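Each chain, written out:
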Amino acid sequence: MFADSDIDVVDDGRSLLEQAESAGLTPENGCRMGICHTCTRRKVSGTVRNLTTGAVSTGPDENIQICVSVPVGDVDLAL
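Residues numbered from 1 in each chain as written. Predicted model: local features only at pLDDT ≥ 70, side-chain atom pairs only at ≥ 80, totals over all residues. Heavy atoms only, no water.

*Asks:* Can you tell me about the pattern of salt bridges, naming the residues and giving the values?
*Replies:* All chains considered together, the criterion is met by 4 salt bridges. Notably, a salt bridge pairs R32 with E21, separated by 2.8 Å at the nearest N-O pair. Highlighted residues: R32 in the loop between α1 (16–22) and β1 (40–50) and E21 in helix α1, separated in sequence by 11 residues. Here K43 makes a salt bridge to E62, at a shortest N to O gap of 3.4 Å. Pair noted here: K43 is in strand β1 and E62 is in strand β3 (residues 62–65), with a separation of 19 residues, a long-range link. (Salt bridge = Lys/Arg side-chain N within 4 Å of Asp/Glu carboxyl O. Helix = DSSP H or I, 4+ residues; strand = E, 2+ residues; numbered from the N terminus.)

*Asks:* So what about the nonpolar core? Which residues, and what values?
*Replies:* Ranked by size, the top nonpolar core spans 15 residues in total, and within it F2, L16, I64, I66, L77 and L79 carry the most contacts. Contributions of two or more residues to this core are made by α1 and β4 (69–77). With 3 residues, α1 is the largest single contributor of residues to this core. (Core = buried A, V, L, I, M, F, W, Y, C linked by side-chain atoms within 4.5 Å. Buried < 20%, exposed > 50% of the residue type's maximum accessible area, 1.4 Å probe, protein only.)

*Asks:* How would you summarise the state of the cysteines if you had to cite specific residues and measurements?
*Replies:* Note on terminology: disulfide describes a covalent bond linking the sulfur atoms of two cysteines. The tally for this structure, following the rule as stated, stands at 0 disulfides. Note on C67: no disulfide assigned, nearest cysteine sulfur contributed by C39 at a separation of 3.6 Å. What makes C67 buried here is its relative accessible area of 10%. (Disulfide = S-S within 2.5 Å.)

*Asks:* I'd like a rundown of the side chain of S57, residues and numbers included.
*Replies:* Mapped onto the elements, S57 comes out in strand β2 (residues 56–57). Of the residues examined, S57 reaches a relative accessible area of 15% and is grouped as buried. A polar atom in the side chain of S57 sits 3.4 Å from the side chain of K43. Apart from the residues within four sequence positions on either side, S57 is in contact with K43, G46, T47, V48, E62 and I64. (Polar contact = N/O pair within 3.5 Å; in protein donor to acceptor, adjacent residues only side chain to side chain. Contact = heavy atoms within 4.5 Å.)

The following block contains the structure:
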């Protein structure tokens, strides 16, 4: 899931930020509510849903806010 770190996790329904932190990663973040964009990372592949807006992101190589995004299936994230 976290391509740059070679760390794979099983999705547990939490935000990508929370899952990354549970895996021992320390991604930069700020508000944790999707306002400041500090946590923006590149989604290499897969689908995510934004918890704030409900928008679904399916395209490769898109920037997403990991504090408010949850995976929908397998996701590779540049982190």
